[in-house]
Amino acid sequence: MEFEIYEYDVCHDCFYAAMTGDPVDPMDEHGDREKEVWDAIEGIIGETKGHFAAAEERDEGFSWRSCECCKDGLGGSRYGLNWLARV
Ligand SMILES: [Zn+2]
């Protein structure tokens, strides 16, 4: 099976949600943040099929660069995340 790899540098919320499939923040009763994150992740997945993989070699510490998934411009840790799309 072959994969095409798409690389993203994402915030903790997106990384956690993509890797675990779990709700982002159980305390977020309104679910706004969770919906934002999942919408963004679904935007990455699009019509493709595949799976996410951690790219630890690209983990950065604190950064002000926007998350490449949810576009969150808040500062925070950035994590390497790959989407491996089946081709
Ligand atoms: Zn994000």
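The structure reproduced in this document is the subject of the present report. (Residues numbered from 1 in each chain as written. Predicted model: local features only at pLDDT ≥ 70, side-chain atom pairs only at ≥ 80, totals over all residues.)

Every α-helix carries 3.6 residues per turn, so stepping three or four residues along brings you back to the same face. Along helix H1 (residues 12–20), the positions that sit buried rather than exposed are Asp-13, Cys-14, Phe-15, Ala-17 and Ala-18. Buried-residue contacts for H1 involve strand S1 (3–10), helix H2 (32–45), strand S2 (50–54) and strand S4 (76–86). Note on H1: the residue one or two positions beyond its end, Gly-21, has a positive phi of about 75°. (Buried ≥ 20, exposed ≤ 12 C-beta atoms within 10 Å, placed from the backbone. Helix = DSSP H or I, 4+ residues; strand = E, 2+ residues; numbered from the N terminus. Contact = placed C-beta atoms within 7 Å.)

For Leu-81, the position within the fold is in strand S4. You can call Leu-81 buried: it has 26 C-beta atoms within 10 Å. Spatially, the C-alpha atoms of Leu-81 and Asp-9 are 6.0 Å apart, while their sequence positions differ by 72 residues. Setting aside its immediate chain neighbours within four residues, Leu-81 contacts Tyr-8, Val-10, Phe-15, Ala-18, Phe-52, Ala-54 and Ala-55.

Structurally, Gly-46 is set in the loop between H2 and S2. Each C-alpha atom, one on Gly-46 and one on Arg-78, is 22 Å from the other, the two residues being 32 residues apart in sequence.

To continue, consider the nonpolar core. Ranked by internal contacts, the top residues of the largest apolar core, which has 17 residues, are Val-10, Cys-14 and Cys-69. The set of elements that each furnish at least two residues to this core consists of S1, H1, H2 and S4. The element best represented in this core is H1, accounting for 4 residues. Filtering out sequence-adjacent residues up to four positions away, Val-10 remains in contact with Phe-15, Cys-67, Glu-68, Cys-69, Arg-78, Tyr-79 and Leu-81. (Core = buried A, V, L, I, M, F, W, Y, C linked by C-beta atoms within 7 Å.)

Moving on, we get to the packing of H1 against H2. Contact geometry for H1 and H2: axes closest at 10 Å, N-to-C directions at 70°. Between H1 and H2, the angle falls in the class roughly perpendicular. Two packed elements cross with a definite hand, and for H1 against H2 that hand is right-handed. Contacts between H1 and H2 involve Asp-13, Cys-14, Ala-17 and Ala-18 on the former and, on the latter, Arg-33, Val-37, Trp-38, Ala-40 and Ile-41. (Axes fitted to C-alpha atoms, helices over the stretch in contact; angles between N-to-C directions. Parallel < 35°, antiparallel > 145°, perpendicular 65-115°, else oblique. Left-handed = near helix turned anticlockwise from the far one by under 90°.)

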